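# Results of the structural survey
One letter stands for each residue in the lines below.
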Amino acid sequence: MTSNPHGPQPIMQAGTSLGRAPAAMILTHGRGGSAEDILGLGAAIAPAGFALLAPEAAGNTWYPYSFLAPRVQNEPFLSSALARVQAAMNLAMEAGIPPERIAFCGFSQGACLATEFVGRHPRRYAGLIALTGGLIGPLDEPITLTGNLEGTPILMSSGDPDPHVPWVRVQESANLLNGIGGIVTTRRYAGRPHTVLQAEIREAKELLATTLVVDQA
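What comes next is a walk through the structure.

Rules behind the numbers
Residues numbered from 1 in each chain as written. Predicted model: local features only at pLDDT ≥ 70, side-chain atom pairs only at ≥ 80, totals over all residues. Heavy atoms only, no water. Pairing = 2+ DSSP bridges. Helix = DSSP H or I, 4+ residues; strand = E, 2+ residues; numbered from the N terminus. Axes fitted to C-alpha atoms, helices over the stretch in contact; angles between N-to-C directions. Contact = heavy atoms within 4.5 Å. Buried < 20%, exposed > 50% of the residue type's maximum accessible area, 1.4 Å probe, protein only. Arc of directions from axis to C-beta. Phe/Tyr/Trp six-rings, centres within 6.5 Å; stacked < 30°, edge-to-face > 60°. Salt bridge = Lys/Arg side-chain N within 4 Å of Asp/Glu carboxyl O. Expected span 1.5 Å × (residues − 1). Core = buried A, V, L, I, M, F, W, Y, C linked by side-chain atoms within 4.5 Å.

Quick look at the sheet that holds strand β4 (residues 102-107) now. In spatial order, the strands read β1-β3-β2-β4-β5-β6-β7; together these seven strands make up an open sheet with mixed pairing. Each edge of the open sheet is held by one strand with a lone partner, namely β1 (11-15) and β7 (183-190). Each strand of the sheet is rotated relative to its neighbour by a mean of 15°, with strand direction disregarded. Across four bridges, the pairing between strand β2 (residues 23-28) and strand β3 (residues 50-55) is parallel. Within β3, the position partnered with Ala24 by the bridge is Ala51. Set on the sheet, helix α1 (residues 35-45) makes contact with β1, β2, β3, β4 and β5 (127-131); between it and β3 the angle comes to about 155°.

It is worth spelling out α1 at this point. For α1, the complete set of buried residues consists of Ala35, Ile38, Leu39, Leu41, Gly42 and Ile45. All buried residues of α1 lie within an arc of 160° about the axis, which places them on one face of the element. Residues of α1 that are exposed and point over 90 degrees away from its buried face: Glu36, Asp37 and Ala43.

Turning to the packing of aromatic side chains, a few remarks are in order. Summed over all chains, the structure comprises two aromatic pairs. Taking 5.4 Å as the distance between ring centres and 40° as the angle between the ring planes, the aromatic pair formed by Phe104 and Phe117 counts as tilted. Of this pair, Phe104 sits in strand β4 while Phe117 is found in helix α3 (residues 109-120), placing the two residues 13 residues apart along the sequence. Both residues of the pair, Phe104 and Phe117, belong to the buried class. Summarising the aromatic geometry, the rings of Phe104 and Tyr125 are spaced 5.0 Å apart at their centres and angled 85° between planes, so their arrangement reads as edge-to-face. Here Phe104 is found in strand β4, whereas its partner Tyr125 is found in the loop between α3 and β5, with 21 residues between them in sequence. Tyr125 carries the same exposure label as Phe104, and that label is buried. Through successive ring pairs, a cluster of aromatic residues spans Phe104, Phe117 and Tyr125.

This structure, assessed with the given rule, holds seven salt bridges. Among the salt bridges present, the one from Asp160 reaches Arg188, with a minimum N-O distance of 2.6 Å. Note that Asp160 is positioned in strand β6 (residues 153-160) and Arg188 in strand β7, a separation of 28 residues in sequence. In this structure, the salt-bridge partner of Arg169 is Glu172, at a minimum N-O distance of 2.8 Å.

This brings us to α3. The terminal C-alpha atoms of α3 lie 16 Å apart, and with twelve residues this matches the ideal 16 Å at 1.5 Å per residue to within 8%. By the criterion of burial, α3 is predominantly enclosed, with eleven of the twelve residues buried. For α3, every residue scored as buried is listed here: Gln109, Gly110, Ala111, Cys112, Leu113, Ala114, Thr115, Glu116, Phe117, Val118 and Gly119. Of the surrounding secondary structure, the elements contacted by the buried residues of α3 are β2, α2 (77-94), β4, β5, β6 and α4 (167-179).

Across soluble globular proteins, nonpolar side chains have a tendency to be buried as a group. With 45 residues, the main nonpolar core has Ile26 and Phe104 as its most contacted residues. Breaking this core down by element, the ones donating at least two residues are β2, β3, α2, β4, α3, β5, β6 and α4. A total of eight residues in this core trace back to one element, the largest contributor, which is α2. In this structure, Phe104 is in contact with Ile26, Val85, Met89, Ala114, Phe117, Val118, Tyr125, Gly127, Leu128 and Ile129, ignoring residues within four places of it in sequence.

So, in structure tokens, the structure goes:
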């Protein structure tokens, strides 16, 4: 098995071209999804002018087991997945977009991946939108985050109960991200199926619209 299973996979782009965009959103798809799928969600959320970047997972899955499994069971896929998120961020930065103008958005497994990346690489970002996800690791093992998100706005929303993501991990993740300087909003939708609601899309749009002004000139 290769140590970097996602390495050869493409990073798809949509929206405004990187050379012209003043801001970017990195989108991570869920298990069984695709970069193309999540780019459609990004187009519904991102303000005009954003570049949209979506890495593709090998076999449409970022890691084989639940995000609550022991981390070692999901290696080397998890480390490779986090490296692809970093590669997408590097593309944006190489085009002149600073981290404070880069947002992250993911659904389900992709929301877990985006949350994990932001939590483990804290700095000021344009935002984190975690739609049904949380930090990665077993429920019975403590998670420690260090660093400073410097006021990064974060939306964490999920159904409760959800078949894959327990609300207790969503809330725990929100508390941990808040503890390192994130400005976290949580939304719990009782009985919501494993999907993305229009209400969540509206909140995500509002988060970016109020924290990032994109020059339309």
